[in-house]
Amino acid sequence: MMKRFGVVSIACSLGLGVALGVAAPHAAAHAQSADLVLCDRVAADPTDPDKPADVRGANDVAAADVATAIKFCKAASAASRRALYQLGRAYAAGQQLPDAIAAYRKAADKGSTSAMVELGVMLATGTGIAKDEAQARTLFERAAEAGNPRGVTNLAALSKGAGMPSDPVQARDQLAKAAEANSAEAQYQLGLMIAQGIGGPKDEVAARALFEKAAAQNHPGALEWMGAFAQNGLGGPQDKAAAKAYYERAAALGNEDAKAALKRMECPYVLKDKRGNFVTNLCF
């Protein structure tokens, strides 16, 4: 399934005289840096390969932060493609879709793979723009070739939805390259493929190692899968205490599957109707 759109988310003065003429560029550089810091604070995408490691990011640009994000990301966008992409996220969060599309196009032209993915999703779904799966495919391919894991997964989803053959072997290879660059999303997606034997041999030990790496970066899905692997002793030792800790971390990040898993751990007995359908969990 194709991942999120707009969620799946900056002045310079002329100095007079020699002294001011020298000082102005330095002051402008600091002002620009401050704009980018504030842009990152409210609009950074945690899955963006351009995002510095010390910037946390958020899956969504909060409604209360849209105006602030637009102001500072616009100011920083002249010198930063990351800010230009984040400007697109801010516009999208504010439902200003024509502006979001324009910002994503400019960022993609400058090489932002995250912008390629977001613009591709909009084109593939016809959101705010005429539907064009051919253009979407081209954008996903460019992002995938550059190592963006969301480019890889969205390309596979587009191919499947259009009834076109996808290449799981190639997808696995592309994800492996991104995973080696320490992309948590790539590590998680590659772990899923390896755990299920898609595009290559099934290997629970290797899958667990990848989930563990992504979990160390607080990837919600990887934390949930690490919980399942630890709970069931897949690819390594069984450890129910560790499983619970993984589930709790994932649940705190909003992962619904982890919340359900915690409930099952607390209430392990299942009540079913006469047809064998699940009714509820029993707690004692």
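Look up a bit, the structure's there.
All values reported here derive from a predicted model rather than from experimental measurement. (Residues numbered from 1 in each chain as written. Predicted model: local features only at pLDDT ≥ 70, side-chain atom pairs only at ≥ 80, totals over all residues. Heavy atoms only, no water.)

Visitor: Would you mind showing me how to read the pattern of salt bridges here?
Guide: Side chains that carry opposite charge are capable of pairing whenever their charged atoms lie near each other. A complete count under the given rule lists 6 salt bridges for this structure. When the shortest N-O distance is used, the salt bridge between Arg81 and Asp50 registers 2.8 Å. Of the two residues, Arg81 sits in helix H3 (residues 81-93) while Asp50 sits in the loop between helix H1 (17-43) and helix H2 (66-76), which places them 31 residues apart along the sequence. Judged by relative accessible area, Arg81 falls into the partly exposed class, the value being 31%. (Salt bridge = Lys/Arg side-chain N within 4 Å of Asp/Glu carboxyl O. Helix = DSSP H or I, 4+ residues; strand = E, 2+ residues; numbered from the N terminus. Buried < 20%, exposed > 50% of the residue type's maximum accessible area, 1.4 Å probe, protein only.)

Visitor: Where do I start with helix H13 (residues 256-266) in this structure?
Guide: Residues three or four positions apart in an α-helix share a direction because the helix packs 3.6 residues into each turn. All buried positions along H13 are accounted for by Ala258, Ala261 and Leu262. Summarising the axial view, the buried residues of H13 lie within an arc of 100 degrees, below the 170-degree limit, and thus occupy one face. Residues of H13 that are buried in the fold lie against helix H11 (220-232) and helix H12 (240-252). A side-chain oxygen of the first residue of H13 lies 3.1 Å from the backbone nitrogen of Asp257; this N-cap is Asn255. (Arc of directions from axis to C-beta. Contact = heavy atoms within 4.5 Å. Polar contact = N/O pair within 3.5 Å; in protein donor to acceptor, adjacent residues only side chain to side chain.)

Visitor: Would you explain the environment of Pro220 in this entry?
Guide: Within the secondary structure, Pro220 sits in helix H11. For Pro220, a relative accessible area of 25% puts it in the partly exposed group. Distance in space between the C-alpha atoms of Pro220 and Tyr188 is 9.5 Å, their sequence separation being 32 residues. The residues contacting Pro220, other than those within four sequence positions of it, are Ala250, Leu253 and Asn255.

Visitor: Please explain helix H4 (residues 97-109) as it appears in this structure.
Guide: Across its 13 residues, H4 extends 18 Å between first and last C-alpha, which sits within 8% of the 18 Å expected from 1.5 Å per residue. Buried residues along H4 sit against H3, helix H5 (113-125) and helix H6 (133-145). A positive phi of about 100 degrees marks Gly111, the residue just after H4. (Expected span 1.5 Å × (residues − 1).)

Visitor: Is there a simple way to think about unusual backbone geometry in this case?
Guide: Phi is mostly negative for residues that are not glycine, and the peptide bonds are mostly trans. For Gln95, which is not a glycine, the phi torsion comes out positive at approximately 60 degrees. Positionally, Gln95 belongs in the loop between H3 and H4. Notably, Asn218 is not glycine yet its phi reads approximately 65 degrees, a positive angle. With respect to the element layout, Asn218 can be found in the loop between helix H10 (204-215) and H11.

Visitor: Would you explain the environment of Pro98 in this entry?
Guide: Its place among the elements puts Pro98 in helix H4. Using a relative accessible area of 64% as the deciding quantity, one classes Pro98 as exposed. Taking the C-alpha atoms as reference points, Pro98 and Ile129, 31 residues apart in sequence, are found 8.0 Å from one another.

Visitor: In this structure, what is going on with the side chain of Asp48? I would like to understand it.
Guide: Inspection of the secondary structure assignment puts Asp48 in the loop between H1 and H2. This buried residue, Asp48, is left without a salt bridge; Arg82 holds the nearest opposite charge, at 5.7 Å. Setting aside chain neighbours within four positions, we find Asp48 in contact with Arg82, Tyr85 and Ser114. (Lys, Arg positive; Asp, Glu negative; His and termini not counted.)

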